[in-house]
Each structure stands twice: as C-alpha cells, then as structure tokens.
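# Notes for the structure review
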Amino acid sequence: MITLNYIGSKKTLKDTIFKVCRDNIPNLENYSFADLFAGTGVIGHHVNIKDGFFKNVISNDFEVFSYVINKALLKSIYSEKMDTLIKELNDIEELKEGLIYQNYSDHDGCERMFFTNHNSKKCDTMRMEIDKMLEEEKIDETEHTFLLASLIASIDKYANTSSIYGAYLKKYKKSAEKKFKLKPIHTHCELNENNLVYNKKIEDLVTEIDFDVVYLDPPYNHRQYGSNYSPLNYIAEYDENIVLTGKTGLIKGYNKSDFCSKQRMKNTFEKLIEDINCKYLLLSYNNEGILKQREIKEILMKRGDVKLFKIIYNKFKAQMSVQLKHTIEYLWFVDLNSINDKFEEIEMEVVK
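The paragraphs below set out a description of the structure included in this document.

Conventions used here
Residues numbered from 1 in each chain as written. Predicted model: local features only at pLDDT ≥ 70, side-chain atom pairs only at ≥ 80, totals over all residues. Heavy atoms only, no water. Helix = DSSP H or I, 4+ residues; strand = E, 2+ residues; numbered from the N terminus. Rg over C-alpha atoms; globule rule 2.2 N^0.38 Å. Buried < 20%, exposed > 50% of the residue type's maximum accessible area, 1.4 Å probe, protein only. Areas by Shrake-Rupley, 256 points an atom, 1.4 Å probe, with all protein chains shown as cover. Lys, Arg positive; Asp, Glu negative; His and termini not counted. Charge placed at Lys NZ, Arg CZ, Asp CG, Glu CD. Contact = heavy atoms within 4.5 Å. Phe/Tyr/Trp six-rings, centres within 6.5 Å; stacked < 30°, edge-to-face > 60°. Core = buried A, V, L, I, M, F, W, Y, C linked by side-chain atoms within 4.5 Å.

On to the overall build of the protein, then. When helices and strands are tallied, the protein shows 13 helices and 10 strands. Taken against the 2.2 N^0.38 rule, which gives 20 Å for 352 residues, the C-alpha radius of gyration of the protein at 21 Å falls within 12% of a compact globule. Here the protein holds 352 residues, and the buried ones make up 54% of them. Surface exposure of the protein reaches about 17000 Å², of which carbon and sulfur atoms provide 45%. Seen as two clouds, the 50 positive and the 54 negative side-chain charges of the protein have centres 7 Å apart.

In structure tokens:
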C-alpha cells in the first residue's frame, strides 16, 4: 500500500489499535469495523487484509481525495490489467499542459512550486488519459478508481513540500526533482464484497446507519484537512470550474470541519457521540488536542464503560525539530453494551 505524507496517520499504531480490539471485543470476527474519519485508509486497509479481524469494513471521509483512496483500497482489486495500464501510462512520452501544470507548478503564468513542470505535466497527462479510458469503456468505474487513487498516492511522493500542502518550498528538493512514476496503490487481488465506502459528513452518516465497532480519529487541532490537501482534492476532482485562491491555490469553499474549531469542537463531538449507534467505540485523540482528557471522559462515560489506553507515540516527522520528540496518544475504548460507570486507565507500548 502506498501511504501519503499525512498528518495524524495511524500507520505505526495500527497493530496497537487492533490489539486493543482483540483484547476487549469478544468474537470480533462477527462484527463490521467502521473507520469514520478514514483519511489515507491505513486502518481500514489493515482490517481488510487481515484474516480473523472483522467481517467487513465501513469507511468514510468527507475529503474527495480520501474517498477515492479508500474506495480503491476497499472496493477495487489489483490485476494484470491494472499492471499493464500503469505501465502504459508511465510510458507516455507526449505530455500535456493541464490543470495541475497550470495551477501548481512554476512557469510564466504561475509561481506555485508544488510540483516540477515535468511532473505536473506527467500527472495531467495521466489524469486525462485515465478519464479517457473510462469514457471509451476500456476500464470500468472500479478500475478508474484504482488508477486515480494510484495517481493521487504516487504523485504525493514528488510534492515539493516539507509535509502538508499548506505551503511549498522555494527550491525544489531532491525527491520532488525525480521524474514521476506511477505505482499501484495496492497489490491485493481479493475483494470483500461487503465493504462499504462513504463520502459524507460524519455528523450526517451516524444518523443514517447502525454500526458494530466504530473507530474515530478526528482532527485534533485547528488545521483543516481541506486546506492542507487542496492539490490532492483538485487532482481527484479535476474540474476547470473549481476556483483556486491565494498563494497556495486553495480550493474556494474547501471543507471546513467543526472538529478543528475551539469554539465548536466540544458541542460537535458531544453530539456525535450521542448520535452514534454501535456496540463498541474507539477514539484516537492525543494530549495536544483541542478537547481535554476530562472533557472526553465525561462525554464518553455517558454511553458506556470506558478504558483509556495511554501510548507513547513519535511526533509527525515535520515536527521533529521541536524540543519534545514524543506525544501521548490517547486511545479510548467504550463498551456501549455495559453502563456501570466503570473507568480504567492503562499504559501500554506501541505494538511492533
């Protein structure tokens, strides 16, 4: 699986999260697992490829690029056909100047340096060719999703940023200068037909569906994912009618989450927990988030017995220059089948 350079990714915590599940949920293979702030899809993908975890995965994210990636991970398979098409896309020599070149690379009409001229044109050429394949019925919708997600995940490795797309570097770094090569987002050939993928606001989704096990990994602070990953959403949508604004080319009217607002976070979170219908709930939230531990505990204990797992966790790479190299990841586990006013705090190490 190709993973994005993504703030808050749980790639190194996935085994820890599922140890908590195995230790606290009886017969978990009979339940579905819902990842409702799915992001790069690391957690859902891990469930999907592991036997004996859960019977299926339900994924949701409101950002379009995340939706495409999760749909490819959970609803599309790798095949010889995909391998052949990826090779054909990589072999294209006649490059076109499309929307990515026009808006996210440095030339007379644009100062943004998110991608080199060559890589942005290569990305444009592949993006247009993938749509053309669908229009000419050379591929179906699931294959289109697989190729588009592969393009989004692959081009991210060549982005001229220190971490997120909130800013670009003034000089091209070595990884950004390498010639772009498309790779498959995953190489798994089996598909769980019962997987479901949504692109909705979580506040709306939880009022429509009853779940078994829910995992929540909401934003911790004021940084909006819609603004920090605008170029990836732009590649996903690829619509010339989208208006880009500012020095970094933000999508006008990008998604803004109440979970990133100090003023609205508590009420939004409390309403979300109140509305969720599930048997077990897991929540990732670290010690630097907007909500305080006592606030989270108070809200969660209204729904069931609570265990708080405290995990020492390395900071996101772009933050490693700060004095503190670690943060505490709080993994909350709520048993909604039992409301006995029980609370337990447990320290644990990251499972490797």
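You can see Leu-331 is positioned in strand 9 (residues 326–335). For the pair Leu-331 and Tyr-78, spaced 253 residues apart in sequence, the C-alpha to C-alpha distance is 33 Å. The contact partners of Leu-331, leaving out residues within four places of it in the chain, are Ile-17, Val-20, Tyr-215, Leu-282, Leu-283, Ser-284, Lys-307, Leu-308, Phe-309 and Ile-311.

The next point concerns the packing of aromatic side chains. Counted according to the given criterion, the structure contains 20 aromatic pairs. Taken together, a centroid distance of 5.2 Å and an interplanar angle of 75° make the contact between Phe-114 and Tyr-168 edge-to-face. Of this pair, Phe-114 sits in the loop between helix 5 (99–104) and helix 6 (117–135) while Tyr-168 is found in the loop between helix 7 (141–155) and helix 8 (174–177), placing the two residues 54 residues apart along the sequence. What makes Phe-114 buried here is its relative accessible area of 0%.

Another point: the nonpolar core. If you look at the biggest cluster of nonpolar residues, it comprises 76 residues, and the most contacted ones within it are Phe-54, Phe-65, Leu-147, Ile-152, Tyr-229 and Leu-282. Considering every element that reaches this core, the biggest residue donor is helix 7, with eight residues. Ranked by size, the runner-up nonpolar core spans 34 residues in total, among them Leu-36, Tyr-285, Ile-296 and Ile-299.

These figures come from the coordinates and say nothing about function on their own.
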